[in-house]
Amino acid sequence: MKLKILGTQSPYNTKRHNCPGFLIQDEENLLMLDCGSGTHRMLKYPKDLQNLSVIISHLHRDHYNDIYNLQYASFVFHNQKRINIPINIYLPQSPNRINEDIRAESNSFAEYYEISEDTKINIGNMEVTFCKTDHPVETYAIKVMAGGKSIVYTSDTSFSAKEKIVEFAKGAYLLICEASLLEKYGFPEINSHLTARQAGIIAKEAKIQKLILTHFWPEEKAKQYVKEAKKEFKKVITAKEGKILRL
Ligand SMILES: [Zn+2]
Ligand SMILES: [Zn+2]
């Protein structure tokens, strides 16, 4: 598998940073995990729209805003006969209003599927499973396995779901973990997001190989998150737009 980081920032995108998005490639198959604001500009058109599956971890705008760009692009390129396979879009059922709004987009060349904790998806050699996190809306951590290695993406979560996420991520090669907060600002232990230190604790307890922190506050320096997570887990880096990792 090849992982390309598309977006690392929340709640809004800026000149060099996009909202959350990750692109995993295995042979000819492309799997996009989240499509936050700005991530679509990291794709190559129309090539990447062919054989593309998109999983939206939850229906918060920083994680799905660009789905509308992908839908419309798929519609136009299909009309031009430059793509002939619809995009597969996987999304949570709730909030219903947003789910329905995405599915109702008629100018789109896509097929839609709902995800739950029991969902298993096979995309070529990739097997994808889900774990519900604790966040204000229905949210899933996502595990992608292929060739004996796995990538786990936590999406957004409270530390109250720690035990579940540790179990889900056990032994993963790569853990992409949200680290929205820094301990030094005195956030309560249970919040709707993780601190970098809590991300480090999850990595340590799940015994993963490598930790990638993401979901950064735009005004904060990325190295602050690494410094804090390193108190718990040494093999940690920050996610950066355009960075490619091969597994
Ligand atoms: Zn969220
Ligand atoms: Zn978010």
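Preceding this section is the structure that the text describes.
Below: a short report on this structure.

Rules and cut-offs
Residue positions are given per chain, counted from 1 along the sequence in the order it is written. Lettering for chains starts from A, numbering for ligands starts from 1, and both go in the order in which the items are written. Whole-chain, interface and lining totals are the exception, using all residues; otherwise, since this is a predicted model, local features are given only for residues with pLDDT of at least 70 and side-chain atom pairs are given and counted only at 80 or more. Hydrogens and water molecules were not included; the side-chain quantities draw on all heavy atoms of the structure. A run of H or I in DSSP becomes a helix once it reaches four residues, and a run of E becomes a strand once it reaches two; helices and strands are each numbered from the N terminus. Only protein chains enter the calculation, and the probe is 1.4 Å; a residue is then buried if its accessible area is under 20% of its type maximum, exposed if over 50%, and partly exposed in between. Here, residues are in contact when the closest pair of their heavy atoms is within 4.5 Å. Each metal's donors are the N, O and S atoms found within 2.8 Å of it, except that Na, K and Ca use a 3.2 Å limit; water is left out, so coordination can look incomplete. Square planar and octahedral assignments, for four and six donors respectively, both demand that opposite donors be over 155 degrees apart and that all other angles lie between 65 and 115; tetrahedral needs four donors with all angles between 85 and 135 degrees, and anything else is irregular. Patch membership is restricted to residues that have no salt bridge and whose relative accessible area is over 30%. Joining uses 9 Å for like charges and 5 Å for the nonpolar side chains Val, Leu, Ile, Met, Phe, Trp and Tyr. The Shrake-Rupley method, run with a 1.4 Å probe, gives the accessible areas here. Residue values count only the displayed protein chains as cover. Note on definitions: salt bridges are taken to be side-chain nitrogens of Lys or Arg within 4 Å of carboxyl oxygens of Asp or Glu. Counting rule applied: Lys, Arg positive; Asp, Glu negative; His and chain ends not counted. Every charge is mapped onto a representative atom, which is NZ of Lys, CZ of Arg, CG of Asp or CD of Glu. Structural elements are reduced to axes, namely lines fitted to C-alpha atoms, with helices fitted over the stretch in contact, and the angle between N-to-C directions of any two is expressed from 0 to 180 degrees. Our angle categories are set so that under 35 degrees counts as roughly parallel, over 145 as roughly antiparallel, 65 to 115 as roughly perpendicular, and the remainder as oblique. Helix crossings fall into two classes, left-handed where the near helix is turned counterclockwise from the far one by less than a right angle and right-handed where it is turned clockwise. Under the scheme applied, nonpolar residues are Ala, Val, Leu, Ile, Met, Phe, Trp, Tyr, Cys and Pro; charged residues are Asp, Glu, Lys and Arg; polar residues are all the others, including Gly. For two strands to pair, DSSP has to find at least two bridges joining them.

### Points about the environment of Leu-30
Note on placement: Leu-30 falls in strand E3 (residues 29-35). The class of Leu-30 is buried, set by a relative accessible area of 7%. Along the backbone, Leu-30 and Asn-79 are 49 residues apart, and their C-alpha atoms lie at a distance of 21 Å. Every residue in contact with Leu-30, bar those within four places of it in the chain, is listed here: Leu-23, Ile-24, Gln-25, Asp-48, Asn-51, Leu-52 and Ser-53.

### Here we look at the coordination of the zinc ion (ligand 2)
Six octahedral donors around a metal ideally subtend angles of 90 or 180 degrees, whereas four tetrahedral donors ideally subtend 109.5 degrees. Looking at the zinc ion (ligand 2), the protein donor atoms are Asp-62 (OD), His-63 (NE2), Asp-156 (OD) and His-215 (NE2), and they sit 2.1 to 2.2 Å from it. One can describe the donor arrangement at the zinc ion (ligand 2) as irregular, given that its 4 donor atoms subtend angles of 90 to 162 degrees at the metal. In primary sequence terms, the donor set of the zinc ion (ligand 2) follows D-H-x92-D-x58-H. Here the zinc ion (ligand 2) and the zinc ion (ligand 1) are spaced 3.5 Å apart, and both take Asp-156 as a donor. Here Asp-156, found in the loop between strand E10 (149-153) and helix H4 (162-169), pairs with His-215, found in the loop between strand E12 (210-214) and helix H6 (222-229); they are 59 residues apart in sequence, far enough to count as distant.

### As for a positive patch on the surface
Together, Lys-184, Lys-221, Lys-223 and Lys-227 make up a region of like positive charge exposed at the surface. In this fold, Lys-221 is placed in the loop between E12 and H6. Judged by relative accessible area, which is 57%, Lys-221 ranks as exposed.

### Describing the coordination of the zinc ion (ligand 1)
Looking at the metal site, the zinc ion (ligand 1) is ligated by His-58 (NE2), His-60 (ND1), His-135 (NE2) and Asp-156 (OD), spaced 2.1 to 2.4 Å from it. Note that the zinc ion (ligand 1) binds 4 donor atoms; their angles at the metal cover 88 to 167 degrees, and the shape is irregular. Spacing between the donor residues of the zinc ion (ligand 1) along the chain follows H-x1-H-x74-H-x20-D.

### Side note on the pattern of salt bridges
All chains considered together, the criterion is met by 9 salt bridges. Where Lys-164 meets Glu-117, a salt bridge forms, and the shortest distance between an N and an O atom there is 2.8 Å. Of the two residues, Lys-164 sits in helix H4 while Glu-117 sits in the loop between strand E6 (110-115) and strand E7 (120-123), which places them 47 residues apart along the sequence. The shortest N-O distance in the salt bridge between Arg-197 and Glu-232 comes to 2.6 Å.

### Some remarks on the packing of H4 against helix H5 (residues 196-206)
Describing two packed helices takes the angle between their axes plus the distance from one axis to the other. Between H4 and H5, whose axes approach to 8 Å, the crossing angle comes to 45 degrees. When the axis of H4 is compared with that of H5, the two are oblique. Relative to H5, H4 is oriented so that their crossing is right-handed. Every residue of H5 that contacts H4 at Lys-162, Ile-165, Val-166 and Ala-169 is listed here: Ile-201, Ile-202, Glu-205 and Ala-206. Residues that form the contact of H4 with H5 fall into these classes: 6 nonpolar, no polar and 2 charged.

### So, the sheet that holds strand E4 (residues 52-55)
Taken in spatial order, the 7 strands of this open sheet run E6-E5-E4-E3-E2-E1-E14, and their pairing is mixed. The sheet is open, and its two edges are formed by E6 and strand E14 (244-246), each paired on a single side. In this sheet, neighbouring strand axes are inclined to one another by 20 degrees on average, regardless of whether the strands run parallel or antiparallel. Pairing of strand E2 (residues 21-26) with E3 involves 6 bridges; the strand directions are antiparallel. Paired with Phe-22 across the bridge in E3 is Leu-33.

### Remarks on the sheet that holds E12
One open sheet accounts for 7 strands, arranged E7-E8-E9-E10-E11-E12-E13; its pairing is mixed. Across the chains shown, the open sheet's two edge strands, defined by having one partner strand only, are E7 and strand E13 (236-238). Going across the sheet, the axis of each strand differs from the next one's by a mean of 20 degrees, ignoring polarity. Bridging between E10 and strand E11 (residues 174-178) involves 3 bridges; their strand directions are parallel.

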